[in-house]
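Residues per chain, in single letters:
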Amino acid sequence: MKYQEIREKVLEGAVKCLERELIRGTSGNVSMLVPDEQVVIITPTGIPYDKLTPADLPVVSLQGKLLEGNLKPSSETPMHTAVYRARPNVRAVVHTHSLFTLVFSALNRELPPMTPSSSPYAPVPVAPFALPGSEDLANAAVKALGQDRLAILLQNHGMLAACPTMERALAAAEYVEECAQVAYYTLLANNMNPLPAEAVKELRERALKGLAV
Ligand code: 13P
């Protein structure tokens, strides 16, 4: 099967998000770029991930045109493809509606770096609200990601991770959710203490070298 390894990674990524409760039902979507061919493998719209096989995943162009597959690509295809067009180093995009990222996105509040594991991603800015599936949302997401951010929140909608590998995109989705949870509870306790900027800098350098943070 064409693109077998990447198809498997995309589907495994979606199922992992489901198992980790970062995605509920058919919410959220997952994709990867096939770099040599500049095409994208993406989850289809509205189909439970545990009912899919890798062969079911649609293949779309960087402009979002369906190239292969019988299922309709995710309604958020414009956002995924816009990210790949804008950020050549991004190979995997994961969009989740995890609970505490939803809370922070609905507060429309930048998520500070609360934990060492969130330091490669936080502070996580919020892209302004635009209708799901719209070009406006795609543009807002690209703008908030800029040239080097790995994760953003989408106002009243959830989070988006854009990383060089699926493993890192899944880690971003998980650690940003954990960070949002810590931020929320510390905010409730009226004592939110983000990591000091110096510590975030040092931890990011460690993460870039592949060291534990
Ligand atoms: P899809 O099922 O079309 O991927 O949409 C789910 C979603 O979360 C939209 O933001």
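Placed above this text is the structure.
The rules behind each value
- Residues numbered from 1 in each chain as written.
- Predicted model: local features only at pLDDT ≥ 70, side-chain atom pairs only at ≥ 80, totals over all residues.
- Heavy atoms only, no water.
- Helix = DSSP H or I, 4+ residues; strand = E, 2+ residues; numbered from the N terminus.
- Buried < 20%, exposed > 50% of the residue type's maximum accessible area, 1.4 Å probe, protein only.
- Right-handed = clockwise from strand over helix to strand, strands pointing away.
- Pairing = 2+ DSSP bridges.
- Core = buried A, V, L, I, M, F, W, Y, C linked by side-chain atoms within 4.5 Å.
- Contact = heavy atoms within 4.5 Å.
- Near = heavy atom within 4 Å.
- Polar contact = N/O pair within 3.5 Å; in protein donor to acceptor, adjacent residues only side chain to side chain.
- Areas by Shrake-Rupley, 256 points an atom, 1.4 Å probe, with all protein chains shown as cover.
- Nonpolar A, V, L, I, M, F, W, Y, C, P; charged D, E, K, R; others polar.
- Axes fitted to C-alpha atoms, helices over the stretch in contact; angles between N-to-C directions.
- Parallel < 35°, antiparallel > 145°, perpendicular 65-115°, else oblique.
- Left-handed = near helix turned anticlockwise from the far one by under 90°.

## Notes on unusual backbone geometry
Excluding glycine, residues mostly carry a negative phi; peptide bonds, for their part, are mostly trans.
And then number 1: Residue Pro123 is bonded to the preceding Ala122 through a cis peptide linkage, with omega at 5°.
And then number 2: Mapped onto the elements of the fold, Pro123 is located in the loop between helix H3 (99-107) and strand S6 (126-127).
And then number 3: The phi angle at Glu21 is positive, at roughly 60°, despite the residue not being glycine.
And then number 4: Mapping Glu21 onto the fold places it in the loop between helix H1 (4-19) and strand S1 (29-34).
And then number 5: Its identity is not glycine, yet Asn190 carries a phi of approximately 60°, on the positive side.
And then number 6: Inspection of the secondary structure puts Asn190 in the loop between helix H5 (166-188) and helix H6 (197-208).

## A word on the pairing of strand S7 (residues 151-154)
And then number 1: Where burial is concerned, the two faces of S7 agree: the one with Ala151 and Leu153 and the one with Ile152 and Leu154 are both buried.
And then number 2: On the question of chirality, the crossover connecting S6 to the parallel S7 by way of helix H4 (residues 135-145) is right-handed.
And then number 3: With four bridges joining them, S7 and strand S8 (residues 158-163) adopt antiparallel strand pairing. Bridge pairing links Ile152 to Leu160 in S8.
And then number 4: Here S7 hands over to S8 after three residues, with Asn156 in that stretch at a positive phi of 55°.

## Notes on the nonpolar core
And then number 1: In terms of nonpolar packing, the biggest core is built from 42 residues, with Ile41, Val94, Leu111, Leu153 and Val176 touching the most fellow members.
And then number 2: Secondary structure elements with two or more residues in this core: H1, S1, strand S2 (39-42), strand S5 (92-96), H3, S7, S8 and H5.
And then number 3: For this core, the leading source of residues is H5, giving nine residues.
And then number 4: Excluding anything up to four places from it in sequence, Ile41 contacts Tyr3, Ile6, Arg7, Val10, Val30, Ser31, Met32, Val34, Leu57, Pro58 and Val59.

## Looking at the site of the ligand
And then number 1: Every residue near the ligand is listed here: Thr26, Ser27, Gly28, Asn29, Thr45, Gly46, Ser74, Ser75, Glu76, His95, His97 and His157.
And then number 2: One nitrogen or oxygen atom from the side chain of Ser75 is found 2.6 Å from an oxygen atom belonging to the ligand.
And then number 3: At 3.0 Å from an oxygen atom of the ligand is found a side-chain nitrogen or oxygen belonging to His97.
And then number 4: When the ligand is considered free in solution it has 300 Å² of accessible area, and contact with the protein chains removes 89% of it.
And then number 5: Residues that form the shell around the ligand fall into these classes: no nonpolar, 11 polar and one charged.

## Side note on the packing of H3 against H5
And then number 1: Running from N to C, H3 and H5 cross one another at 60°; their axes reach a closest spacing of 7 Å. Regarding the angle of H3 to H5, the classification is oblique. The element H3 and its partner H5 pack so that their crossing is left-handed. Contacts between H3 and H5 involve Leu99, Phe100, Thr101, Val103, Phe104 and Leu107 on the former and, on the latter, Val176, Glu177, Ala180, Gln181, Ala183, Tyr184, Tyr185 and Leu187.
And then number 2: Classifying every residue of the contact of H3 with H5 by side-chain character gives 11 nonpolar, two polar and one charged.

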